[in-house]
Amino acid sequence: MGERKHKKRMILSFAALAIFCILGAELMACRVAEPALYEEIVAPVRRGAEALRQTGEAAWEGVCQTGSTIWTGVRETATSAAESLGAWWEEVTAPPPEDDVALALAEPELTPPRELLDPLVSDIITRNGVEYLTGGGVDIVYYAQTDQARAEQKYGTDPLSTHGCGPTAMAMAVSSLTDTTVDPEEMARVCVDGGYWCKGHGSYLSIVQGVAKTYGLECEALDPAALNEDALLTRLTNGEVAVALVGSGHFTKNGHFILLRGVTLGGDILVADPASRDRSLIPWELSLILDELSSSRTNGAPLWILSRSMDAPE
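Quick look at the structure, then. (Residues numbered from 1 in each chain as written. Predicted model: local features only at pLDDT ≥ 70, side-chain atom pairs only at ≥ 80, totals over all residues. Heavy atoms only, no water.)

Below, the discussion takes up helix α8 (residues 229-237). The backbone nitrogen of aspartate 230 has a side-chain oxygen 3.2 Å away, supplied by the residue at the start of α8, namely asparagine 228. Positive backbone phi, approximately 100°, marks glycine 239, located one or two places after α8. (Polar contact = N/O pair within 3.5 Å; in protein donor to acceptor, adjacent residues only side chain to side chain. Helix = DSSP H or I, 4+ residues; strand = E, 2+ residues; numbered from the N terminus.)

Right, dumping it as structure tokens:
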């Protein structure tokens, strides 16, 4: 019988302790969310505790000491958790470093330096409902992020038409260099799933190497400071495609992805600009493009060259 009573007392003690802990946690939440209600609840308790303290009852002092220790522990734990949550929230909501993203679409600062090419040199033609840029080392499947068809499409929660130069450029590259055709809307979903979308800012620069790996393309970062220009021209002539991250100038006011898709007989660069058909049909001096490359130097930026994998079927 004595053992049964002892077990019963233990069960009741543990139950009381559990209730005390739960109430303590609830009070802490109330203290943060509803300070006025918290004060209304605990004020009578404080008055009662003060009255009992003044009576000098030793037993109550011991209980108060135990309760104070538990309360202090709960308060310290909750405070630490709140501080950690606050630090996490600041990290999540803080804007990313500007050198790690291609910012949203903006109008270029400068007007194009040249007129459109003769259509015999380069043009946009349609085959089986798909637009192609001709005249380069390889015909490029062309997508314009600014087309009316993109107006309702999303890049994460952002409009693809204003924030989607990254997935649109990569959709062109993948569709042109592999046997897989990917439109910008589908590529945008791939980029969101891959962690390349930067909410409100465009794309993280990891998008180029990440998408290339996903679709089996070779991707080589080129250092502008050590660039062999003749070698680059040769590679573009032979069907490789470069992704260039450009800064303010003739293509954008912020950061913008374009493709370098070939070379004219006069040595000018042909581009595929996801934000402009006209700029995609203008010859560009390589020196101008190199001068306007972004200053970012993360994830291989600002210049990558893409080619078919050695293992890819011809």
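Picking up where we left off.
Here we take up the environment of threonine 298. Along the chain, threonine 298 turns up in the loop between α9 (286-291) and β13 (303-308). Between the C-alpha atom of threonine 298 and that of leucine 205, which follows or precedes it by 93 residues, the distance is 7.0 Å.

Within the span of helix α6 (residues 184-194), buried status applies to Pro184, Met187, Ala188 and Cys191. An end-on view of α6 places all buried positions within 105° of arc, on one side of the element. Contacts from the buried residues of α6 go to β5 (154-155), α4 (160-163), α5 (165-177), β7 (197-198) and α7 (207-214). Backbone geometry just downstream of α6 places glycine 195 in the positive-phi region, at approximately 85°. (Buried < 20%, exposed > 50% of the residue type's maximum accessible area, 1.4 Å probe, protein only. Arc of directions from axis to C-beta. Contact = heavy atoms within 4.5 Å.)

The subject of this paragraph is the sheet that holds strand β12 (residues 269-272). Across the sheet, five strands lie side by side as β9-β13-β10-β11-β12; this open sheet has antiparallel pairing. In the strand order of this sheet, the two ends are held by β9 (217-221) and β12, each with one partner. Going across the sheet, the axis of each strand differs from the next one's by a mean of 30°, ignoring polarity. As judged from the five bridges shared by strand β10 (residues 241-246) and strand β11 (residues 256-263), these two strands associate in the antiparallel manner. If you follow alanine 242 over to β11, its bridge partner there is leucine 260. Lying on the sheet, α5 is in contact with β9, β10, β11, β12 and β13; it crosses β11 at an angle near 30°. Against the sheet, α7 contacts β9, β10, β11 and β13, and its axis sits at roughly 155° relative to β9. (Pairing = 2+ DSSP bridges. Axes fitted to C-alpha atoms, helices over the stretch in contact; angles between N-to-C directions.)

Let's shift gears to the packing of α5 against α7. Packed helices, taken two at a time, are described by the angle between their axes plus the distance between the axes. Here α5 crosses α7 at 35°, and the two axes come no closer than 11 Å. α5 and α7 meet at a crossing whose hand is right-handed. Counting all contacts with α5, which are made through Gly166, Pro167, Met170 and Val174, the residues of α7 involved are Ile207, Val208, Val211 and Ala212. Tallied by class, the residues present in the contact of α5 with α7 amount to seven nonpolar, one polar and no charged. (Left-handed = near helix turned anticlockwise from the far one by under 90°. Nonpolar A, V, L, I, M, F, W, Y, C, P; charged D, E, K, R; others polar.)

Let's shift gears to the side chain of glutamine 153. Inspection of the secondary structure puts glutamine 153 in the loop between β4 (140-141) and β5. Overall, glutamine 153 belongs to the buried group, its relative accessible area being 11%. In this structure glutamine 153 touches Asp158, Pro159, Leu160 and Glu185, once residues within four positions along its chain are discounted.

The subject of this paragraph is the pattern of salt bridges. Counted by the stated rule, this structure contains nine salt bridges. Here arginine 277 makes a salt bridge to glutamate 131, at a shortest N to O gap of 2.6 Å. Of this pair, arginine 277 sits in the loop between β12 and α9 while glutamate 131 is found in strand β3 (residues 130-133), placing the two residues 146 residues apart along the sequence. Assessed through its relative accessible area of 28%, arginine 277 is described here as partly exposed. Residues arginine 235 and glutamate 220 are paired through a salt bridge, measuring 3.0 Å at the closest nitrogen-oxygen approach. Here glutamate 220 lies in strand β9 and arginine 235 lies in helix α8, a separation of 15 residues in the sequence. Connected through salt bridges with shared partners, the residues Arg114, Asp268 and Glu285 form a single ionic network. (Salt bridge = Lys/Arg side-chain N within 4 Å of Asp/Glu carboxyl O.)

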